[in-house]
Amino acid sequence: MKTAKELFDELNTQDESTQVEAKGAGPINRSVMESVCSFSNEPDLGGGYILIGADKDDSKLFPYYTAEDIGDTDQLQADLATQCASTFNIPVRPRIAVEQVNLMNVMVVRVDELSPAQKPLHFKNEGLPRGAYRRIGTTDH
């Protein structure tokens, strides 16, 4: 599993990618869950990372990410784990690590690609095809 420092270095070198998504500090919202879904579904990607607590500064010529404290780390981890277990048609079990970068707590989330027999993962309250997401470039579709 990559470290938060490695992910920040990658983001500041090449921005978001097919395997790295940056999210600011805040609650576990729909956008985070769409990323979980897309990393789980995209064929041959092997999954990906979500870095929560990555603040993007767009005022520079090139995107620059800095650490932004995520607050209550226990609550944020519990919210993510609970939503991953209950939101989709099958439970997803991401690997979660809280690390400090520049004295700020950030969260590294590793989402593995599901086996072909488990795909497509989708939001169970939306069904298919509307509730399934894929990772296309740097976006979730």
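Each residue is numbered by its place in its chain's sequence as written, counting from 1. At least 70 in pLDDT is required for a residue's local features to be given in this predicted model, at least 80 for side-chain atom pairs to be given and counted, and no such filter applies to totals for whole chains, interfaces and linings, which use all residues. Hydrogen atoms and water are omitted, and side-chain values are computed over all heavy atoms in the structure.

### Quick look at the sheet that holds strand β6 (residues 104-111)
Then, number 1: With respect to topology, four strands assemble into an open sheet ordered β1-β2-β6-β5, the strand pairing being mixed. Pairing within the sheet leaves two strands with one partner each, and these edge strands are β1 (20-23) and β5 (95-101). Each adjacent strand pair in this sheet contributes to an overall mean axis angle of 20°, direction not counted.
Then, number 2: Any two strands are treated as partners once DSSP identifies two or more bridges connecting them. What counts as a helix is a DSSP run of H or I of at least four residues, what counts as a strand is a run of E of at least two, and both are numbered from the N terminus. Bridge analysis of β1 against strand β2 (residues 48-52) gives four bridges, and the strand direction is parallel. Note on β2: the bridge partner recorded for Val-20 is Tyr-49.
Then, number 3: Here a residue-residue contact requires only that any non-hydrogen atoms of the pair lie within 4.5 Å. For helices, the axis comes from a line fit to the C-alpha atoms of the stretch in contact; other axes are also lines fit to C-alpha atoms, and the angle between any two N-to-C directions lies between 0 and 180 degrees. In this fold helix α2 (residues 30-41) packs onto β1, β2 and β6, with an angle of close to 165° to the strand it touches most, β2.

### Observations concerning the side chain of Glu-10
Then, number 1: Along the polypeptide, Glu-10 turns up in helix α1 (residues 4-14).
Then, number 2: Apart from the residues lying within four places of it in its own chain, the contact partners of Glu-10 are Lys-2, Asp-15, Ser-17 and Val-20.

Everything listed here is a matter of geometry and, on its own, says nothing about what the molecule does.
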